[in-house]
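The primary structure of each chain is shown beneath.
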Amino acid sequence: MKFSNGGEAAAQALLAHGVDTVFTLCGGHLNPIYLHLENTDVRFFDTRHEQAAVWMADAYGRLMRRPGVAMVTAGPGFTNALTPIASASMAGTPLVLISGCVGINMIEKLDLQDMRQAPVIEPMVKKALICHSAERVPEFIDLAFREAVSGRPGPVYLELPVDILGAEPSREVELPVTRAESGVVDRGKAHELLTWLAEAEKPMLIAGSGAWYSDAGEELTRFIEATGVPIFTAANGRGVVPDTHPLCFEGSLAIRPGSGMHAGMNTDLVVVLGNRLNLFCLFGDTYNPQARMVQVDIKPEEIGRNRKIDLPIMSDIRALAAELNEVVEREGLGAGLRERFAPWTDELRRAHAEGKANAEANWRSEAVPVHPMRIAYDVNEYMNRDDDIVVTDGGDATTWIGMSRTMPCAGHYLDYGLFGSLGGGIPYANTAKFLFPDKRVLLFTGDGSMGFNFMELERAVTKGISFVIVIANDLGWGMIRHSQEVRLGRAIEGVTELGRIDYHRFVESMGGVGFLVEKPEEIRPALDEAFASGKVACINVMSDPTAVSPGSIALANVGAYK
Ligand SMILES: Cc1ncc(C[n+]2csc(CCOP(=O)(O)OP(=O)(O)O)c2C)c(N)n1
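Residues numbered from 1 in each chain as written. Predicted model: local features only at pLDDT ≥ 70, side-chain atom pairs only at ≥ 80, totals over all residues. Heavy atoms only, no water.

A.B. asks: Just give me the short version of the sheet that holds strand E2 (residues 43-46), but keep the residues and values in it.
C.D. replies: In a beta sheet, neighbouring strands pair by backbone hydrogen bonds and run either parallel or antiparallel. Reading across from one edge, E2-E1-E3-E4-E6-E5 is the order of the six strands in this open sheet, with parallel pairing throughout. The sheet is open, and its two borders are formed by E2 and strand E5 (127-130), each paired with just one other strand. For this sheet, the mean angle separating the axes of adjacent strands, direction not counted, is 20 degrees. Sheet analysis places strand E4 (residues 95-101) next to strand E6 (residues 155-161), joined by seven bridges and oriented parallel. Paired with valine 96 across the two strands is valine 156, which belongs to E6. Where helix H3 (residues 50-64) meets the sheet, its contacts fall on strand E1 (21-24), E2, strand E3 (68-72) and E4, and the angle it forms with E3 comes to roughly 165 degrees. Contacts from helix H7 (residues 137-149) reach E3, E4, E5 and E6, with the element oriented near 165 degrees to E6. (Pairing = 2+ DSSP bridges. Helix = DSSP H or I, 4+ residues; strand = E, 2+ residues; numbered from the N terminus. Axes fitted to C-alpha atoms, helices over the stretch in contact; angles between N-to-C directions. Contact = heavy atoms within 4.5 Å.)

This is the structure in structure tokens:
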């Protein structure tokens, strides 16, 4: 095809890749691309801060399992985009960040917004690309998309200098769209894993983000139903087998009320499926040191991080699960395994019920100010449709809802994950409702985290995107205050207090609706009214500032803070 300039080539390449949404904050360097995306099938979501644009692309990547696309301008637009890129890198989110930059022929002349961008972002992305010729723009876009989804997904950076976008390609250019292939299982290893399972008495499967991105839910469900092996889920894998399935014991985190801790301490075989041994399992230490370890991952370098792995398997999770199912059926292994694991699943059911019972007092607390677990409990009960989407932000707030949320399915829950960056909540909620206008969306957040991208609520109101925000308002940066109290015996003055902020009134002034809630029994009626309003609604719940989450206690005790 013959293109008038690099900007048109970029726009056509994005369309060829099926891009339907671009999250962006404008800048002159991007005009040649905008011009050729205007009036096409691509929708722009124009944010008020580049950070929000990239948070939104991150949410897109996680919800849709294909790359979210953010576009930012040179220099300050680029630097504003960095935090969510680091977060996406840690989480392994498929995302393509396109950045403008100064023209190649203007480097070092002291042109506007000039800086060396690629070296800054290189350690945060799977690949940092700079395209130096208008003819090669589609090829670079193809490469960026392929890289973002191949193997373990992740963010990719593509820099398109403004003179390249303005230059006319000297020849006809193809629009390549290459499919990334996923990893194929080693059949012998699948067989070996089944032998190990047959020798175990107390096995546990842990399905992480790799199970979500490979779409392994159905195959895994078939496998646990055939064999009776209990499964736990983690990270973006939460919900790949629903929490309500009798063989799913919900999240694997040891702090979650349920059986995660009991299973980890007593298991004799841990099968980690597309999940990393990171802080969330104390780098592998929450699992019985005597247990045999199997780790399955699409990225071989991941296998063996932090703990010795007895059986490493490099595979896409769905491919492995499908292979396991084939062998189990062919060799008729199911009934024997089901019988073998029945006492263990009974034990887990008892531990699960006990773990839940221990949390009841907080979940059903009638105290004023409201216990944050009670808020999380009511929110979880209320968001009871299978396709409801819950988003979280905040320190303790994320811990409380993480401990309380029942996952009816995968791809309907967004939190900040391992990078731990506050501030993505409002952009995440904007993405969820923008992509799924028919689903109910709720953001559960701390009061501090409300502030980072507050102006994005203006975007929501202006664009008619409605969701409900529930703030567990503990008058400050709760998790840090609490970790100081646990560690030092007191809060350090001048850094963690916010005082009472009437966020609900701010939201009202922007055209949304607001509710102040001071008693537990007011939460549900406020949720009813908030969703019925069809607007952006903020329920500002005065929560107990002295309630310390297990997350804060962990923060006070992990190595870095000693
Ligand atoms: C961008 C960013 N800045 C600072 C921190 C450190 N931090 C972790 S938890 C926390 C407190 C969060 O307060 P809030 O949003 O009110 O939620 P709460 O813990 O009170 O539930 C802070 C400041 C962080 N994780 N990310």
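A.B. asks: Describe the environment of isoleucine 141, listing the residues and the values that go with them.
C.D. replies: Within the secondary structure, isoleucine 141 sits in helix H7. The buried category is assigned to isoleucine 141, whose relative accessible area is 0%. Expressed as a C-alpha distance, the spacing of isoleucine 141 and alanine 11, which sit 130 residues apart in the sequence, is 9.8 Å. Not counting chain neighbours up to four residues away, the residues in contact with isoleucine 141 comprise Ala10, Ala13, Leu14, His17 and Leu158. (Buried < 20%, exposed > 50% of the residue type's maximum accessible area, 1.4 Å probe, protein only.)

A.B. asks: Requested: an account of the pairing of strand E18 (residues 537-542), with residues and values cited.
C.D. replies: Each regular strand displays side chains that alternate between the two surfaces of the sheet. Taken across its six residues, E18 has six buried, putting it largely inside the fold. Both strand E17 (residues 513-517) and E18 contribute to a ladder of five bridges, which runs parallel. In the sheet register, leucine 516 faces E18, and the bridge partner there is asparagine 540. Regarding the hand of the β-α-β motif, the stretch spanning E17, helix H22 (residues 523-533) and E18 is right-handed. (Right-handed = clockwise from strand over helix to strand, strands pointing away.)

A.B. asks: Tell me about the site of the ligand, and please be specific about residues and values.
C.D. replies: Around the ligand there are 17 residues in total, and Asp396, Gly420, Gly448, Ser449 and Gly478 lie nearest to it. The separation between a nitrogen atom of the ligand and a polar main-chain atom of leucine 422 is 3.3 Å. In the model, an oxygen atom of the ligand is placed 2.9 Å from a nitrogen or oxygen of the methionine 479 main chain. Against a free-state accessible area of 580 Å², the protein chains account for coverage of 77% of the ligand. Of all the secondary-structure elements, those providing two or more residues to the shell around the ligand are helix H16 (396-404), helix H18 (447-450) and helix H20 (478-488). Here the residues of the shell around the ligand sort into five nonpolar, nine polar and three charged. (Near = heavy atom within 4 Å. Polar contact = N/O pair within 3.5 Å; in protein donor to acceptor, adjacent residues only side chain to side chain. Areas by Shrake-Rupley, 256 points an atom, 1.4 Å probe, with all protein chains shown as cover. Nonpolar A, V, L, I, M, F, W, Y, C, P; charged D, E, K, R; others polar.)

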